[in-house]
Amino acid sequence: QVQLVESGGGYVQTGGSLGLACFASGRALSEYPIGWFRRPPGKKREFVSAISKSGMTTVYAGSVKGRFTISRDNAKNTVYLQMNSLKPEDTAVYYCAARSGTGYYINSNDYDYWGQGTQVTVSS
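Here, residues in each chain are numbered from 1, in the same order as that chain's written sequence. Per-residue local features of the predicted model are confined to residues with pLDDT of at least 70, and side-chain atom pairs are confined, for both listing and counting, to 80 or more; whole-chain, interface and lining totals are unaffected and use all residues. Note that water and hydrogens are dropped before the side-chain values are worked out from all heavy atoms of the structure.

**Comments concerning the overall build of the protein**
Next, step 1: Check the secondary structure of the protein and you find zero helices and eleven strands.
Next, step 2: Helices (α) and strands (β) of the protein occur, in sequence order from the N terminus, as β-β-β-β-β-β-β-β-β-β-β.
Next, step 3: Rg of the C-alpha trace for the protein: 13 Å, near the compact-globule value of 14 Å for 124 residues, within the 12% margin.
Next, step 4: Structurally, the protein occupies a C-alpha span of about 40 × 25 × 25 Å along its principal axes.
Next, step 5: For the protein, with 124 residues in total, the buried portion stands at 45%.
Next, step 6: What makes two residues a contact is simply this: any of their non-hydrogen atoms within 4.5 Å. Across the protein, contacts joining residues at least 24 apart in sequence account for 60% of those joining residues at least 6 apart. Comment: elements are numbered from the N terminus, with helices defined as DSSP H or I runs of at least four residues and strands as E runs of at least two. Our radius of gyration looks at C-alpha atoms and nothing else; its globule reference is 2.2 Å times the residue count to the power 0.38. Residue exposure (1.4 Å probe, protein chains only): buried if accessible area is under 20% of the type maximum, exposed if over 50%, otherwise partly exposed.

**With respect to the side chain of Arg38**
Next, step 1: By the secondary structure assignment, Arg38 is in strand 4 (residues 34-39).
Next, step 2: In protein, a polar contact means a hydrogen-donor-capable atom and an acceptor-capable atom, both N or O and within 3.5 Å, with residues adjacent in sequence counting only if both atoms are side-chain atoms; elsewhere, any N or O pair within 3.5 Å suffices. A polar contact of 2.9 Å, which involves the side chain of Arg38, links it to the side chain of Tyr94.
Next, step 3: If near-sequence neighbours (up to four positions away) are discounted, Arg38 is found in contact with Lys44, Arg45, Glu46, Val48, Ser63, Val64, Phe68, Glu89, Asp90, Ala92, Val93 and Tyr94.

**Quick look at the environment of Gly115**
Next, step 1: Note that Gly115 resides in the loop between strand 10 (113-114) and strand 11 (118-123).
Next, step 2: Classification of Gly115 as buried rests on a relative accessible area of 11%.
Next, step 3: Between the C-alpha atoms of Gly115 and Ser7, which are 108 residues apart in sequence, the distance is 9.9 Å.
Next, step 4: Beyond its immediate chain neighbours, meaning those up to four positions away, Gly115 contacts Leu4, Glu6, Tyr95 and Cys96.

**What about the sheet that holds strand 1 (residues 3-7)?**
Hydrogen bonds between backbone groups are what pair the strands of a sheet, and the pairing can be parallel or antiparallel.
Next, step 1: Being paired, for any two strands, means DSSP has found at least two bridges between them. Taken in spatial order, the four strands line up as 1-3-8-7 in an open sheet, and their pairing is antiparallel. Two strands in the sheet have a free side with no partner beyond their single neighbour: strand 1 and strand 7 (68-73). Strand-to-strand, the axes of this sheet are offset by a mean angle of 15°, without reference to chain direction.
Next, step 2: Pairing geometry for strand 3 (residues 18-25) and strand 8 (residues 78-83), over six bridges, is antiparallel. Residue pairing for strand 8: Leu18 is matched across the bridge by Met83. In this description, a line fitted to the C-alpha atoms serves as the axis of each element, helices being fitted only across the stretch in contact, and the angle between N-to-C directions of two axes falls anywhere from 0 to 180 degrees.

**Some words on the environment of Cys22**
Next, step 1: Relative to the assigned elements, Cys22 resides in strand 3.
Next, step 2: Put simply, Cys22 and Thr57 are 35 residues apart on the chain and 18 Å apart in space, counted from C-alpha to C-alpha.
Next, step 3: Not counting residues up to four positions away in its chain, the partners in contact with Cys22 are Leu4, Val5, Glu6, Trp36, Asn77, Thr78, Val79 and Cys96.

**Section: the pattern of salt bridges**
Next, step 1: For this analysis, a salt bridge means a side-chain nitrogen from Lys or Arg found within 4 Å of a carboxyl oxygen belonging to Asp or Glu. For the structure shown, the criterion picks out four salt bridges.
Next, step 2: Two residues, Glu31 and Arg27, come together in a salt bridge whose shortest N-O distance is 2.7 Å.
Next, step 3: Arg27 gets classed as partly exposed once you look at its relative accessible area, which sits at 37%.
Next, step 4: Connected through salt bridges with shared partners, the residues Arg38, Glu46, Arg67 and Asp90 form a single ionic network.

Structure follows, in structure tokens:
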């Protein structure tokens, strides 16, 4: 079983950047496709981005495409989410998630393992 821990959240002004990291322990991260999700205040959890096990395939929600970049370093057991040109509507708790399989997954119900989340706040 894999355990996930997110880090890198914080407070930033509109237009700023933040980088999130998702560190895996217990099992090799290379076994799992990874997804990033977020829960804005008062809203449901939503898909942000996903990456295949090898890192060759990535996918983004339309709201973040062109601003966010997902990547992974399997040797470091870490997946990253670089967030640029941040907007107040990006304010949320960000979660990484893992599941067994191939390809990528955009539905939160497809994921079996979740981190505790990290808060990102973007001021206007």
